[in-house]
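# A structural walkthrough
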Amino acid sequence: MSNLVEDFNAYRSKMNDKILADNNKIIKRIFNLDTNAYQEGALDVKTKELLGLVASAVLRCDDCIRYHLENSYKAGLTKEQVVEALGIATLVGGTIVIPHLRRAYEFWDALEQR
């Protein structure tokens, strides 16, 4: 489990570089839009990351969940705040979210152990 975060980030970075190297205007704009959407605005960064986390859990996107968990951790959110948001995601998404909830807990633990 100690390499979980590093392995995820290395793969994500490698593949993002490969994708962006194709210089597809639409893909580059989507990446840029995603980056800018999570900047400070009317909502603070912590709130936006929790919104992204909940949406990612409901949509059952493990990569997205990991991305938002790490950003939530870096933004200074507590485990209690993240768990409360994941509780809402599980309520909204239903029991099918539980496997993703397990992996989210595992990834948060890996973030804390770094």
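Quick summary incoming for the structure in this document. Given the structure is predicted, the values throughout are model-derived calculations rather than measurements. (Residues numbered from 1 in each chain as written. Predicted model: local features only at pLDDT ≥ 70, side-chain atom pairs only at ≥ 80, totals over all residues. Heavy atoms only, no water.)

### Looking at the pattern of salt bridges
Per the counting criterion, the structure on display carries five salt bridges. Ionic pairing is found between Glu-6 and Arg-114, a salt bridge with its closest N-O pair at 3.4 Å. With Glu-6 in helix 1 (residues 4-21) and Arg-114 in the segment after helix 6 (98-113), this residue pair connects regions lying 108 residues apart in the sequence. Note on Glu-6: relative accessible area 35%, which makes it partly exposed. Between Arg-114 and Glu-70 there is a salt bridge whose closest N-O contact spans 3.2 Å. (Salt bridge = Lys/Arg side-chain N within 4 Å of Asp/Glu carboxyl O. Helix = DSSP H or I, 4+ residues; strand = E, 2+ residues; numbered from the N terminus. Buried < 20%, exposed > 50% of the residue type's maximum accessible area, 1.4 Å probe, protein only.)

### Observations regarding the packing of aromatic side chains
Counted according to the given criterion, the structure contains two aromatic pairs. Centroid distance Phe-8 to Phe-107: 5.8 Å. Interplanar angle 80°. Geometry classified as edge-to-face. Of this pair, Phe-8 sits in helix 1 while Phe-107 sits in helix 6, and the two are 99 residues apart along the sequence. With respect to burial, Phe-8 and Phe-107 carry one shared label: buried. (Phe/Tyr/Trp six-rings, centres within 6.5 Å; stacked < 30°, edge-to-face > 60°.)

### Quick look at the nonpolar core
If you look at the biggest cluster of nonpolar residues, it comprises 20 residues, and the most contacted ones within it are Leu-53, Leu-69, Val-82 and Phe-107. Within the residue set of this core, elements represented by two or more residues are helix 1, helix 3 (45-58), helix 4 (62-74), helix 5 (79-93) and helix 6. With five residues, the single largest contributor to this core is helix 6. If we skip the residues at most four places from it in the chain, Val-82 touches Leu-50, Leu-53, Leu-69, Ser-72, Leu-77 and Trp-108. (Core = buried A, V, L, I, M, F, W, Y, C linked by side-chain atoms within 4.5 Å. Contact = heavy atoms within 4.5 Å.)

### What to know about the packing of helix 5 against helix 6
Helix-helix packing is described using two parameters, namely the angle between the two axes and the distance between the axes. Contact geometry for helix 5 and helix 6: axes closest at 11 Å, N-to-C directions at 170°. Comparing their axes, helix 6 and helix 5 come out roughly antiparallel. Mapping the contact onto sequence places Lys-79, Val-82, Val-83, Leu-86 and Thr-90 in helix 5 and Ile-98, Leu-101, Ala-104, Tyr-105, Trp-108, Asp-109 and Glu-112 in helix 6. Of the residues belonging to the contact of helix 5 with helix 6, the class tally is eight nonpolar, one polar and three charged. (Axes fitted to C-alpha atoms, helices over the stretch in contact; angles between N-to-C directions. Parallel < 35°, antiparallel > 145°, perpendicular 65-115°, else oblique. Nonpolar A, V, L, I, M, F, W, Y, C, P; charged D, E, K, R; others polar.)

### Thoughts on the environment of Tyr-38
Tracing the sequence through the fold places Tyr-38 in the loop between helix 2 (25-37) and helix 3. Separated by 20 residues in sequence, Tyr-38 and Lys-18 have C-alpha atoms that sit 23 Å apart. If we ignore the near neighbours within four places in the chain, the residues touching Tyr-38 are Val-45, Lys-48, Glu-49, Gly-52 and His-68.

### Brief notes about the side chain of His-68
Tracing the sequence through the fold places His-68 in helix 4. Within the structure, the side chain of His-68 is placed 2.7 Å from the side chain of Glu-49, a separation counted as a polar contact. (Polar contact = N/O pair within 3.5 Å; in protein donor to acceptor, adjacent residues only side chain to side chain.)

### Some details on the state of the cysteines
Using the criterion set out here, one finds one disulfide in the structure. In this model, Cys-61 is linked to Cys-64 through a disulfide, with the two sulfur atoms separated by 2.3 Å. Between Cys-61 and Cys-64 the disulfide shows an S-S torsion of about 65°. By sign, it is right-handed. Since its relative accessible area comes to 24%, Cys-61 is described here as partly exposed. Overall, Cys-64 belongs to the partly exposed group, its relative accessible area being 30%. (Disulfide = S-S within 2.5 Å.)

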